[in-house]
Amino acid sequence: MQRIRLRYTKRGRLRFTSHRDFQRAFERALRRAEVPMAYSAGFTPHPKVSYANAAPTGTGSEAEYLEIALTERRDPETLRALLDESLPDGLDITDAVEARTSGLADRLTASVWELRLDGVTVEEAEKAVAAFNAAEAVEVRRKTKNGIRTFDARSAVAKLVAARPQADSHGDRPLDSACAILRLVVRHETPAVRPDDVLSGLRAVADLAPPVPAAVTRLAQGPFDEESGTVTDPLAPDREAVTAAPPTAAATASATAPSAGTA
């Protein structure tokens, strides 16, 4: 009957929830909000929910996406508010739009990440970033279920800059005198390059080793604009399709019907 696409967050301590933890919390929220969900067929029916490129456990995010299928039509904004009220603080539904186009997962071609490096000065971070950006390739190693894998972490990074901390908007850690912020845009390629791979690359090219684990937050994900080097809103095509859609037959009939008292 209807498909709704939602954007949600993982903030503060809730960034430590696993994807499965979020799935359970979200399905409980669907029941609390009495959402008319469509279910799969078979012996064990489950709600039709499609998750797209979820962030790893321990990573904060301002831009996670999913899609749900309904058996009855609902207003996206009303549904968003009901689900947001039914989820714990930190798991927040921030946007909703009716799906009018296909291929949401295919639009998520890049992510914008912020890495907070406590115990690292901005000057140290800038030198390491300059060395990383100047390299043609930066090989890193990652342990996988099939053993150790070596791959290039440089080619997928479209942008990497160091900056001074402004404020801790995500509430993960207090500000510290020695602290640097890294902001990077990473294309979603195969093999996938993660923020910790970039940190391994910075250690390889410049011996940058933060004394404590970095606090990582995904700020955005969506289509990558090669010309501007920015990541755009993946829900924009659905919003544009809603705006451009012709009025329904019911709306047209209501607009053309004679008002009461007209001869």
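I will try to describe carefully the structure that is included in this document. What you see is a predicted model, and the numbers here were worked out from it, not measured in a lab.

To continue, consider the overall build of the chain. Of regular secondary structure, the chain possesses 7 helices and 12 strands. Per-residue burial over the chain gives 41% buried out of 263 residues. Of the contacts formed within the chain by residues at least 6 apart in sequence, a portion of 76% connects residues at least 24 apart. Put simply, the chain shows about 14,300 Å² of open surface, and 51% of that area lies on carbon and sulfur atoms.

Glancing now at the side chain of Asp-92. Along the chain, the position of Asp-92 falls in the loop between α2 (76–86) and β4 (93–98). A distance of 3.0 Å separates polar atoms of two side chains, one belonging to Asp-92 and the other to Arg-11.

So, on to the packing of helix α4 (residues 122–134) against helix α5 (residues 195–206). Think of two packed helices as two axes; the pair is described by the angle between the axes and how far apart they sit. Between α4 and α5, whose axes approach to 9 Å, the crossing angle comes to 95 degrees. With respect to their mutual orientation, α4 and α5 come out roughly perpendicular. For the pair formed by α4 and α5, the contact residues are Ala-128, Val-129, Ala-131 and Phe-132 on the first element and Val-198, Gly-201, Leu-202, Val-205 and Ala-206 on the second.

So, about the nonpolar core. Within soluble globular proteins, side chains that are nonpolar tend to cluster in buried spots. Ranked by size, the top nonpolar core spans 28 residues in total, and within it Leu-115, Leu-117, Leu-160, Leu-182, Val-198 and Leu-202 carry the most contacts. Breaking this core down by element, the ones donating at least two residues are β5 (110–118), α4, β8 (157–163), β9 (179–187) and α5. For this core, the element with the most residues is α4, which contributes 5 residues. If sequence neighbours within four positions are ignored, Leu-117 has contacts with Ala-178, Cys-179, Ala-180, Leu-182, Leu-199, Leu-208, Pro-210 and Ala-214. Judged by nonpolar contacts, the second largest core, of 21 residues, contains Ala-33, Leu-87, Leu-91 and Ala-96.

What follows deals with the pattern of salt bridges. For the structure shown, the criterion picks out 20 salt bridges. The closest approach of N and O atoms between Asp-21 and Arg-24, which form a salt bridge, is 2.6 Å. Remark: Arg-24 and Asp-21 occur in helix α1 (residues 19–32); sequence separation between them is 3 residues, near one turn of the helix. For Arg-24, a relative accessible area of 42% corresponds to the partly exposed category. Note that Glu-72 is salt-bridged to Arg-74, the shortest N-O span being 3.2 Å. On the basis of relative accessible area, Glu-72 is assigned to the partly exposed category, the value being 41%. Residues participating in the shared-partner salt-bridge network are Arg-3, Arg-5, Glu-67, Arg-107 and Asp-238.

Each α-helix turn comprises 3.6 residues. Residues three or four places apart therefore point the same way. With 13 residues, α4 extends 18 Å between its outermost C-alpha atoms, agreeing within 8% with the 18 Å of an ideal straight helix rising 1.5 Å per residue. If you check which residues of α4 are buried, you get Val-122, Ala-125, Ala-128, Val-129 and Phe-132. Looking straight down α4, one finds that the buried residues subtend no more than 125 degrees of arc, so they occupy a single side. Looking at α4, the residues exposed on the side facing more than 90 degrees away from the buried face are Lys-127 and Ala-134.

Put simply, side chains in a regular strand alternate between the two faces of the sheet. With 11 of 11 residues buried, strand β3 (residues 60–70) lies mostly within the body of the structure. Note: strand β1 (residues 2–10) against β3, 8 bridges, orientation antiparallel. Across the sheet, residue Gln-2 finds its bridge partner in β3, namely Leu-70. Here β3 runs beside strand β10 (residues 215–222); their pairing, made up of 2 bridges, is parallel.

Turning to the environment of Arg-183, a few remarks are in order. In this structure, Arg-183 sits in strand β9. Arg-183 gets classed as partly exposed once you look at its relative accessible area, which sits at 31%. Spatially, the C-alpha atoms of Arg-183 and Glu-114 are 4.6 Å apart, while their sequence positions differ by 69 residues. At 3.4 Å, the side chain of Arg-183 and the side chain of Glu-114 are in polar contact.

Turning to α1, a few remarks are in order. Given a rise of 1.5 Å per residue, 14 residues ought to cover 20 Å, and the 20 Å separating the end C-alpha atoms of α1 matches this to within 8%. When we look at burial in α1, the residues that qualify are Phe-22, Ala-25, Phe-26, Ala-29 and Leu-30. Relative to the axis of α1, the buried residues are bounded by an arc of 145 degrees and lie together on one face. With respect to the buried face of α1, the exposed residues turned more than 90 degrees away are Arg-20 and Arg-31. Packed against the buried residues of α1 are β1, β2 (49–52), β3, α2 and β4. Taken from the residues just after α1, Glu-34 is the one with a positive phi, measuring 55 degrees.

So, how was this worked out
Residues numbered from 1 in each chain as written. Predicted model: local features only at pLDDT ≥ 70, side-chain atom pairs only at ≥ 80, totals over all residues. Heavy atoms only, no water. Helix = DSSP H or I, 4+ residues; strand = E, 2+ residues; numbered from the N terminus. Buried < 20%, exposed > 50% of the residue type's maximum accessible area, 1.4 Å probe, protein only. Contact = heavy atoms within 4.5 Å. Areas by Shrake-Rupley, 256 points an atom, 1.4 Å probe, with all protein chains shown as cover. Polar contact = N/O pair within 3.5 Å; in protein donor to acceptor, adjacent residues only side chain to side chain. Axes fitted to C-alpha atoms, helices over the stretch in contact; angles between N-to-C directions. Parallel < 35°, antiparallel > 145°, perpendicular 65-115°, else oblique. Core = buried A, V, L, I, M, F, W, Y, C linked by side-chain atoms within 4.5 Å. Salt bridge = Lys/Arg side-chain N within 4 Å of Asp/Glu carboxyl O. Expected span 1.5 Å × (residues − 1). Arc of directions from axis to C-beta. Pairing = 2+ DSSP bridges.

Keep in mind these numbers describe shape, not what the thing actually does.
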